[in-house]
Amino acid sequence: MDKLKKLTKMKLFLPVFCMFLVLCVNMIYDASTGKPFYSFFQVGITNGLLSGRLVNILNRGSEVAILAIGMTLVVSASAGTDISVGSVMALCAAVCCRLLAGAAAPKATELAVPLIVGVLAAIGMGCICGAFNGGLVAYLGIQPMVATLILWTAARAIGLLVCDNLIVYVRNDTFGMIGGFVGFFPTPIIIAAVCILVVSIVLKKSAMGMYVQSVGINKSASRIAGLNSKRMIFICYLLCGVCAAIAGVVAASRITSADSNNIGLNLELDAILAVAIGGNSLGGGKFNLAGSIIGAYTIQAITTTMYNMGVSSAVAPVFKAVVVIIIVAIQAPPVKAFFRKRSAKRASLKSGKEAAAA
Amino acid sequence: MEDGVVLTMRGISMTFPGVKALDNVDFTLRKGEIHALMGENGAGKSTLIKCLTGINDFEAGEIHVDGVEGPVKNHSTSDAQKVGVSTVYQEVNLCPNLSVAENLYIGREPLTPMHTIDRRAMNRKAKELTERLKINVDVTQNLENYSLAIQQMIAIARAVDMECKVLILDEPTSSLDDSEVEKLFGMMRDLKAQGVGIIFVTHFLEQVYAVCDRITVLRNGQLVGEYPIAELPRVKLVAAMMGKDFDDLAEIKPEGFEAHADAPVVIDAKGLSHKGTIKPFDLVLHKGEVIGLTGLLGSGRSELARTIYGADKAQTGTLKVKGEEVKISHPIGAIHLGMGLLPDDRKAEGIIGDLSVRENIILALQARQGMFKQMSRAKQEELADKYIDILQIKTASKETPVSQLSGGNQQKVILARWLATDPDFLILDEPTRGIDVGTKTEIQKLIIQLAGEGKSIMFISSEIEEMLRTCNRMAVLRDGAKVGELDGDLTQERVMAAIAGGADNG
Ligand SMILES: Nc1ncnc2c1ncn2[C@@H]1O[C@H](COP(=O)(O)OP(=O)(O)OP(=O)(O)O)[C@@H](O)[C@H]1O
Ligand SMILES: [Mg+2]
């Protein structure tokens, strides 16, 4: 009993619990359709490539997971969200593909410049977008939602401009590898893992985590204590832009083209949701990166589960919304307080009975 | 309920994770009485009040309010207002981005016949109220444009304007100066004459003896006793609060703690100013010296200090630190030069509420070392433990969020933050705000000890006695300008005269 209580108090309890619920639904569904209940976890090699539902979720969830990193920092430091990440993904993808395609655009099979140049250009573009957002929020004091609304509308359009209103294809194996496989292993999983690892190490080995949270909790007090609050907020938006760029390149490589109208569409919402499901307050301050990451994969798991159950892609968002409402509601303070009170009452009743018995 | 009693609290108990904040506490408030609730930092005063006003959910005990059937259990401040309990909390909790008038009438706005807010009536009533209480503000301005003291007065005005049987004032005078305190006492006496029961929490003992009729003392969450004021003279009150005898008025300045004119100059400011807050001033501070800044509220004491520190960027003049001319555009620049500033507004500029006590203590030191040179966890814990011990910070653990500490203990955490940076020049703006008598003396001793170690201190306090006890020299401010300095034999009379604008500005 005591152990259970301790467990439920842990920061990561809720996101992990949500993930667990989704897994359970999968297992029950599988069992009811006559498949072995563990088929969710089955990992195999099909056509020389790693396959299975779990692998699929980790693979497909990479973009949201990468976005969630940046979003977590932005939410923590500025108590606001960066709603431009989806569009910035599209823009960075466009920049990358356009460079890689070179003169052969819009349909290239050879890389016009080395792959790394394209990727770095995309990341550079991400930096510019992040700096633009960060500048508006940190130095001009514009509401994050409003400031990032600008690129939310503009970035995708700029992406189209970059590609002359066309879908630029780069049907090249080297480029395709980023969103595909190295050997038998899905590359996006590796990229997401590296991003998560790098950021976690920086957070662990430097005082950045504390700085970001401190600024998010109390900007003026942090300034008096010697932190450069504005610069800190700026850096978070910058990193968020870089994350969007990486996610954009992965997304473009998956479809070996820069489709500015579709890449990253509505992904900013998934990223924000991931942060919320991860148990982070959207009001800023304390953050929990691991929670956001788990949240990101949970969202992907929900999507995959629904396709698996044959929910059509048109109605899928409805189910997704229902699931999200439930997950967010059980984390809401009044609901939490309700459960806490109930368990406290039960405990006091129990101790009362024991006292009476003694 | 007995005749003449407006409020009884019986057997109140309340536990926070790791702390028994209240243990079977009784409290009785009579009609037309001013009742002091006393105790050390963390004794449970604010917690008891929050149990009454519905912010804390106490686990045992009963509350009865005159005129209300059966035990009262409030669930929110508005519940409490309905049964006639009106409160000014320790931390000003108004909305800084609303106007003064809106803050005064939030939740009870005058309405037009269309049921929209009648702004004109609201502003007019607000103007009347502030004029009656002699608070000098423009009620249509946002609250954040005013100093902490004015904000505190607005919070008081809001509370006294509501029809109530019980008025609670939790350290309302902590940032007020003598004249404001007198104003407040005037209001309290009026309400008392109307039969309102007033609960008054303060760490200023003189104020207790100036207005109160009765004292209830708490220690470590337990009731020590309830006394009529005549039966509990100052020494006994201090003993009851601390659980031991203690002379808080003993002389603490060591012999020969005076002249420093030949010591090296640490701070040399010439013509420094910040538009709108402080006019150009000159100031010289020597090594090992404690200088006090004195003046009425709004005279520019804090602003002068902030301009030196770079919290407000100086627009004119030059600043030399240890002989070298410097330009400080950010507090971090000042920290690198060995400065530190303990700001007067603890909630807005001091604590980082959700961070732990440990993180709050190491924050400034970490900032000086830089983001990528993280202190080891062991070092952080060592520092936290050291200052929790030295300053007697009462906390469940060093990982407790600092917002869960009592007001006085939060103040100690911020003091610890600056002591941890081992500064050469430390600005303390109201460092003893909300701190209990025993610890106050400890902090005064600490200031003298730091000066003895060769540090220079700038000390700002609304309490003149406190400054007399610790300062070598005083700078006098009036209306946003430095108007003079006092040294030699500092006495209450000389300081008062200088503040008021007398001749002694030498
Ligand atoms: N929200 C909270 N969570 C956990 N502990 C708390 C909380 N609020 C208060 N406490 C603890 O309860 C105890 C009593 O605190 P309280 O604020 O009542 O003290 P106080 O007498 O008002 O002190 P002060 O003079 O410093 O204001 C303290 O030990 C404090 O740490
Ligand atoms: Mg208190």
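Residues numbered from 1 in each chain as written. Chains lettered and ligands numbered in written order. Predicted model: local features only at pLDDT ≥ 70, side-chain atom pairs only at ≥ 80, totals over all residues. Heavy atoms only, no water.

Side note on the overall build of chain A
Note the following rule: Secondary structure follows DSSP: runs of H or I at least 4 residues long count as helices, runs of E at least 2 residues long count as strands, and numbering of each begins at the N terminus. Radius of gyration means the value over C-alpha atoms here, while the globule rule gives 2.2 Å times the residue count to the 0.38 power. We call a residue buried when its accessible area falls under 20% of the maximum for its residue type, exposed when it is over 50%, and partly exposed in between, using a 1.4 Å probe and counting protein chains only. Here a residue-residue contact requires only that any non-hydrogen atoms of the pair lie within 4.5 Å. Under the convention used here, a 1.4 Å probe and the Shrake-Rupley method define accessible areas, while residue burial counts only the protein chains that appear. A residue counts as positive if it is Lys or Arg and as negative if it is Asp or Glu; His and the chain ends are not included. By convention, the point assigned to a charge is CZ for Arg, NZ for Lys, CD for Glu and CG for Asp.
Regarding its fold elements, chain A presents 16 helices and 7 strands. Taking 358 residues into account, the globule formula puts the C-alpha radius of gyration at 21 Å, and chain A, at 22 Å, falls close to it. Overall, the C-alpha framework of chain A stretches about 90 × 65 × 35 Å when taken along its three principal axes. Residue burial in chain A is summarised as follows: out of 358 residues, 49% are buried. Across chain A, the fraction of contacts at a sequence separation of at least 24, relative to all contacts at a separation of at least 6, is 74%. Per element, the accessible surface of chain A, about 16700 Å² overall, is 70% carbon and sulfur. Of the charged side chains in chain A, 29 are positive and 11 negative, and the gap between their average positions amounts to 16 Å.

So, the interface of chain B and chain A
Many authors give the size of an interface as the accessible area that is lost as the parts come together. Let me state the cut-off plainly: Defined here as a combined quantity, buried area equals the accessible surface (1.4 Å probe) lost by two parts on assembly, summed across both. Put simply, a salt bridge is a Lys or Arg side-chain nitrogen that is within 4 Å of an Asp or Glu carboxyl oxygen.
At the interface, 33 residues of chain B touch 23 residues of chain A. Of the roughly 2100 Å² buried at the junction of chain B and chain A (both faces included), carbon and sulfur atoms supply 63%. For the pair chain B and chain A, the interface holds 0 salt bridges. Only α9 (301-309), α10 (331-336), α11 (346-350), α12 (357-369) and α14 (407-420) of chain B provide two or more residues apiece to the side of chain B that touches chain A. It is α12(B) that contributes the most residues to the side of chain B that touches chain A, 6 residues altogether.

Description of the coordination of the magnesium ion (ligand 2)
Metal coordination angles in their ideal form are 109.5 degrees for the four-donor tetrahedron and 90 or 180 degrees for the six-donor octahedron. Residue and element names in this part refer to chain B. Quick note on the threshold: With water omitted from the atoms examined, metal sites may look incomplete; donors here are N, O and S atoms no farther than 2.8 Å from the metal, or 3.2 Å in the case of Na, K and Ca.
Note on the magnesium ion (ligand 2): its protein donors are Ser46 (OG) and Gln90 (OE1). The metal-donor distances range over 2.0 to 2.2 Å. Taken as a pair, Ser46 in helix α1 (residues 45-53) and Gln90 in the loop between β5 (85-88) and α3 (100-105) lie far apart in primary sequence, 44 residues in all. Take Ser46 and Gln90: they sit in the same class, and that class is buried.

Some points on α14(B)
Residue and element names in this part refer to chain B. Here is the rule we go by: Here the expected span of a helix is defined as 1.5 Å times the quantity of residues minus one.
Compared with the 20 Å implied by 1.5 Å per residue over 14 residues, the 20 Å span of α14 between its first and last C-alpha is a close match. Counting buried residues in α14 gives 14 out of 14 residues, a clear majority hidden from the surface. Of the residues trailing α14, Asp422 is marked for its positive phi of about 50°.

Looking at the environment of A:Val199
Residues and elements named next belong to chain A. Looking at where Val199 falls in the secondary structure, it is placed in helix α9 (residues 187-205). Separated by 158 residues in sequence, Val199 and Phe41 place their C-alpha atoms 28 Å apart. Non-local contacts of Val199, meaning those with residues more than four positions away in its chain, are made with Ile69 and Leu289.

Focus: the site of ligand 1
Residue and element names in this part refer to chain B. Which entries qualify depends on this criterion: Consider each residue's heavy atoms; a residue with any of them within 4 Å of a molecule or strand counts as near. Between N or O atoms, a polar contact is any pair within 3.5 Å; within protein, one atom must be a potential hydrogen donor and the other a potential acceptor, and residues adjacent in sequence are included only when both atoms are from side chains. Residue polarity follows a fixed list, in which Ala, Val, Leu, Ile, Met, Phe, Trp, Tyr, Cys and Pro are nonpolar, Asp, Glu, Lys and Arg are charged, and the others, Gly among them, are polar. As used throughout, domain bounds are those supplied by an automatic or database domain assignment.
Every one of the 19 residues lining ligand 1 counts as a neighbour, but Gly42, Ser46, Thr47, Ser406 and Gly408 are closest to it. In the environment of ligand 1, an oxygen atom lies 2.8 Å from a nitrogen or oxygen atom belonging to the side chain of Lys45. At 2.7 Å from an oxygen atom of ligand 1 is found a side-chain nitrogen or oxygen belonging to Ser406. In isolation ligand 1 offers 640 Å² of accessible surface; the protein chains occlude 89% of this area. For the shell around ligand 1, the elements supplying multiple residues, two or more each, are β2 (19-30), α1 and α14. Considering each element in turn, the shell around ligand 1 owes the most residues, 3 residues, to α1. Counted by class, the shell around ligand 1 contains 5 nonpolar, 11 polar and 3 charged residues. If you count residues domain by domain, the shell around ligand 1 takes at least three from each of domain 1 (5-97 + 142-242) and domain 2 (265-501).

A word on the environment of B:Pro423
Residue and element names in this part refer to chain B. Summarising the element assignment, Pro423 is placed in the loop between α14 and β16 (425-429). Through-space distance from the C-alpha of Pro423 to that of Gly338 is 4.8 Å; in sequence the pair is 85 residues apart. Residues contacting Pro423, with those up to four places away along its chain left out, are Gly338, Met339, Gly340, Trp418 and Lys455.

Some points on the domain arrangement of chain B
Residue and element names in this part refer to chain B. Here the domain parsing of chain B yields domain 1 (5-97 + 142-242) and domain 2 (265-501). Using only C-alpha atoms to locate each centre, domain 1 and domain 2 end up separated by 29 Å. Between domain 1 and domain 2, the contact holds 26 residues from the first and 24 residues from the second. Summed over both partners, the interface of domain 1 with domain 2 buries about 1900 Å², with 50% contributed by carbon and sulfur atoms. Summed over the shared surface of domain 1 and domain 2, the result is 0 salt bridges. Our enumeration of links across domain 1 and domain 2 arrives at 6 residue pairs in polar contact (both at pLDDT 80 or more). Contributing elements (two or more residues each) for the side of domain 1 that touches domain 2: α5 (148-161) and α8 (234-242).

Some words on helix α5 (residues 85-101) of chain A
Residue and element names in this part refer to chain A. Across its 17 residues, α5 extends 24 Å between first and last C-alpha, which sits within 8% of the 24 Å expected from 1.5 Å per residue. Across the 17 residues that make up α5, a large majority, 15, are buried. Looking one or two places after α5, you find Gly102, whose phi comes out positive at around 60°.

Observations concerning the packing of aromatic side chains
Test applied: When the centres of two rings from Phe, Tyr and Trp lie within 6.5 Å, Trp using its six-membered ring, the rings pair. Their planes under 30 degrees apart give stacked, over 60 give edge-to-face, and anything left gives tilted. Either the NZ atom of lysine or the CZ atom of arginine qualifies as a charge over a ring when it sits within 6 Å of the ring centre and within 35 degrees of the ring normal.
By the definition in use, this model includes 6 aromatic pairs over all chains. On the basis of an interplanar angle of 80° and a centroid distance of 5.1 Å, the ring pair of A:Phe40 and A:Phe41 is categorised as edge-to-face. According to the relative accessible area criterion, A:Phe40 is buried, its value standing at 1%. Cation over ring: B:Lys73 sits above B:Phe58, and NZ or CZ is 4.4 Å from the ring centre.

Looking at the pairing of strand β7 (residues 197-201) of chain B
Residue and element names in this part refer to chain B. Keep this limit in mind: Only strands joined by at least two bridges in the DSSP assignment are considered to pair. For the handedness criterion, the strands are oriented away from the viewer, and a crossover whose path from the first strand over the helix to the second runs clockwise is classed as right-handed.
The buried fraction of β7 is high, at 5 of 5 residues. The alternating pattern of β7 places Gly197, Ile199 and Val201 on one face and Ile198 and Phe200 on the opposite face, and all of these are buried. In this sheet, β7 lies alongside strand β3 (residues 34-38) in parallel orientation, the contact comprising 4 bridges. From the neighbouring strand, Leu37 faces β7, where its bridge partner is Val201. Across 5 bridges, strand β6 (residues 166-170) lies against β7 in parallel orientation. Counterpart to Asp170 in the pairing with β7 is Val201. Each parallel crossover has a hand, and the one from β6 via helix α6 (residues 178-193) to β7 is right-handed.

Focus: the sheet that holds strand β12 (residues 290-295) of chain B
All names here are of chain B. Note the threshold: For helices, the axis comes from a line fit to the C-alpha atoms of the stretch in contact; other axes are also lines fit to C-alpha atoms, and the angle between any two N-to-C directions lies between 0 and 180 degrees.
Across the sheet, 6 strands lie side by side as β15-β16-β17-β12-β18-β19; this open sheet has mixed pairing. Two strands bound the open sheet, and with one partner strand each, they are β15 (339-342) and β19 (481-486). For this sheet, the mean angle separating the axes of adjacent strands, direction not counted, is 20°. Pairing of β12 with strand β17 (residues 456-460), which is carried by 4 bridges, proceeds in the parallel orientation.

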